[in-house]
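Residue-level listing of the chains:
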Amino acid sequence: MDEFYFHGFRSRWFQKGDRCTKEFFQMARPKRAFSGIRHLQRVDGSLTEDPLEMCSIAIEHFKQLLTAEVISLEVEVCRQDVCEQIQPRVTSVMQAHLLVPFPIEEIYKVLHTLPRHSCSGEDGLSPGFFIKYWELIKIELCEAFQLAFGLGYLPDTWKAGHIFLIPKGEQALEDICKWRPITILNTVYKIFMKTINL
């Protein structure tokens with residue numbers, strides 16, 4: 001009987017759990033009560049409960065983890081040589097297709113692929129908001145997407161997000177390596193990127 005529940009839980013986790021969805025946060029919320037970061041391990045192995053020191057430990061760890069590796073000059077020159085040998089394969093027909101303005105219908109279709117009550121980012125707007133007020137915002141949203149695409153630049157507010165640390169397990173939580181960061185992005189960014197990827 002226990003094996004049945006284990007496999008049922010495991011299949012639900014593969015379907016819904018490891019995505020940034022409502023189900024993920026429902027599963028993570030009960031853990032939050034006992035798995036908060038109450039202390040962290042210093043480099044020397046001792047523990048600290050000082051919030052400022054814990055913050056600096058976390059920042060330093062994730063800065064090292066997420067900072068791009070510096071590429072040597074030799075590698076960069078080699079990379080440029082390889083790129084110069086590659087012939088572009090985008091024909092004028094393909095390019096014309098890629099530069100077609102975003103149809104409002106495509107954006108609307110993408111919006112309905114997002115879970116209606118998925119977590120909103122820093123802006124606090126869920127896909128449900130965009131669906132509910134679609135008739136009021138569709139023209140401005142489409143124009144904003146066209147402008148961003150035309151300029152090749154996304155506003156910083158679209159790219160902003162909340163970073164949360166989720167425990168990888170239930171043991172040794174004082175080690176910052178046992179926490180993984182996830183980012184909750186703004187819905188506008190999600191819609192824009194999914195529309196581009198159609």
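Summary of the structure given here. Just so you know, these numbers come straight off a predicted model, no measurement behind them.

Looking at the packing of aromatic side chains
Okay, so step 1: Throughout the structure, instances matching the rule amount to 9 aromatic pairs.
Okay, so step 2: Measuring from ring centre to ring centre gives 5.1 Å for phenylalanine 145 and phenylalanine 192, while their planes differ by 75 degrees; the resulting arrangement is edge-to-face. Placement of the pair is phenylalanine 145 in helix α8 (residues 134-151) and phenylalanine 192 in helix α10 (residues 187-196), with a sequence separation of 47 residues.
Okay, so step 3: Among the aromatic side chains, those forming a connected cluster through ring pairs are Phe102, Phe145, Phe149, Trp158 and Phe192.

Some details on the pattern of salt bridges
Okay, so step 1: Evaluated as defined, the whole model comprises 4 salt bridges.
Okay, so step 2: As a salt-bridge pair, arginine 42 and glutamate 53 come within 2.5 Å of each other at their nearest N and O atoms. Here glutamate 53 lies in helix α3 (residues 51-66) and arginine 42 lies in the loop between β1 (40-41) and β2 (47-48), a separation of 11 residues in the sequence.

Some remarks on the packing of α8 against α10
Okay, so step 1: Following both chains from N to C, one finds α8 and α10 inclined at 65 degrees, their axes separated by 11 Å at the closest point. Regarding the angle of α8 to α10, the classification is roughly perpendicular. Considering only the axes of α8 and α10, their crossing is right-handed. Packed against α8, whose contacting residues are Leu141, Phe145, Ala148 and Phe149, the element α10 presents Val188, Ile191, Phe192, Thr195 and Ile196 at the interface.

What counts and how
- Residues numbered from 1 in each chain as written.
- Predicted model: local features only at pLDDT ≥ 70, side-chain atom pairs only at ≥ 80, totals over all residues.
- Heavy atoms only, no water.
- Phe/Tyr/Trp six-rings, centres within 6.5 Å; stacked < 30°, edge-to-face > 60°.
- Helix = DSSP H or I, 4+ residues; strand = E, 2+ residues; numbered from the N terminus.
- Salt bridge = Lys/Arg side-chain N within 4 Å of Asp/Glu carboxyl O.
- Axes fitted to C-alpha atoms, helices over the stretch in contact; angles between N-to-C directions.
- Parallel < 35°, antiparallel > 145°, perpendicular 65-115°, else oblique.
- Left-handed = near helix turned anticlockwise from the far one by under 90°.
- Contact = heavy atoms within 4.5 Å.

Bear in mind that shape data such as this cannot, by itself, settle questions of function.
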